[in-house]
Amino acid sequence: MLFSLPLVAHAQESRWVIEDKRGSIEVYAEFDPGIQDLWKHVDDVARELKVLVAVEPTDKPIQIILFRDQGSYLRYLASSVPQSRQRRAIFYRNGDVYQVFAFRSRTLTMDLRHEVTHAILHQHLPFLPLWIDEGLAEYLEEPEAQRSDSSRTKSARWRARMGWVPSLQSLENIPNAESMNTDEYRDSWAMTCLLLNESDASRQALCDYLAVIHRGEAPGPFSQTQAAADSGVLSRANSYFRKMPIRLDLGSSD
Ligand SMILES: [Zn+2]
């Protein structure tokens, strides 16, 4: 998500127990988050974005800023970024600095992977449809090895057997992130699973679509593209979701 208010992480302040940097990615944390594990998850997300959809970070800085608890997170953010009050973590574009804010909790790893996905997507692309932005973030927030058996995957298989398919046209009409509900997050994730995993043609259609945006052109709605039509993927959606295979060809993240 993009916000216009300026915000600065003061690296020189002593509040940070951990400060670390790899390439253009910096970490500031008020507690020890397990830095090796953190870098492994960041690397996983970056590697998968490159392999799956040819999206790569630029050399502009990404700052990952982690707070010891929700109170500290809100004291730092709430007045500048009111949306933080409703969210466990947030991606914030601060000019040329791409910032990820989160706090220590049971879901920190997932939150971090989700928001780092947004940061890299927004570095690579001048804009992108909300359902792809959230769909990829939801897809990559789960480590690869957990995706096939996660509760959301099992739930989607069950729903598909009752006839469910997500509506791409509805997802394309979501006006803004604030209005997205739980079902729309789920359907964005499901549509992304479908495109990434159904066939080589379906994944290529998504890659090609993002490549057009990367070049600065406006491709129109994905559902209207020739590549989507040629792949035939949308007509096979329900049969995909009944089994919902997830590719595991990128190496384990353990
Ligand atoms: Zn998100």
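Conventions and cut-offs
Residue positions are given per chain, counting from 1 as you read along its sequence in written order. Where totals are concerned, whole chains, interfaces and linings use all residues; where local detail is concerned, this predicted model gives features only for residues with pLDDT of at least 70, and gives and counts side-chain atom pairs only at 80 or more. Domain ranges listed in this record stem from an automatic or a database domain assignment. Think of it this way: any DSSP run of H or I at least four residues long counts as a helix, any run of E at least two long counts as a strand, and we number them from the N terminus. Polar here means any residue other than Ala, Val, Leu, Ile, Met, Phe, Trp, Tyr, Cys and Pro, which are nonpolar, and Asp, Glu, Lys and Arg, which are charged; Gly is therefore polar. The exposure label follows from counting other C-beta atoms within 10 Å of a residue's C-beta, where the C-beta atoms are placed from the backbone and the thresholds are 20 or more for buried and 12 or fewer for exposed, leaving partly exposed in between. DSSP-based pairing: two strands are paired if at least 2 bridges between them are found. The handedness of a crossover follows from its direction of travel: if, with the strands pointing away from the viewer, the path from the first strand over the helix to the second runs clockwise, the crossover is right-handed.

Trainee: Got a sec to walk through the domain arrangement of the chain? Specific residues and values, please.
Mentor: The assigned domain composition of the chain is domain 1 (18-124) and domain 2 (130-243). Domain 1 and domain 2 are separated by 23 Å when their C-alpha centres are compared. When residues of the side of domain 1 that touches domain 2 are traced back to their parent elements, those giving at least two are α1 (35-53) and α3 (108-124). Class assignment for the residues of the side of domain 1 that touches domain 2 results in seven nonpolar, four polar and three charged.

Trainee: Please provide a residue-by-residue account of the pairing of strand β3 (residues 62-67), values included.
Mentor: Within β3, six of the six residues are buried, leaving the element largely enclosed by the surrounding structure. Burial along β3 is two-sided: I62, I64 and L66 and Q63, I65 and F67, pointing in opposite directions, are all buried. The pairing of strand β2 (residues 25-29) with β3 spans five bridges and is parallel. Across the sheet, residue V27 finds its bridge partner in β3, namely I64. What joins β2 to β3 is α1, and the crossover it makes is left-handed. In this structure, β3 lies alongside strand β5 (residues 97-103), joined through six bridges in parallel fashion. Bridge pairing in β5 places L66 opposite A102.

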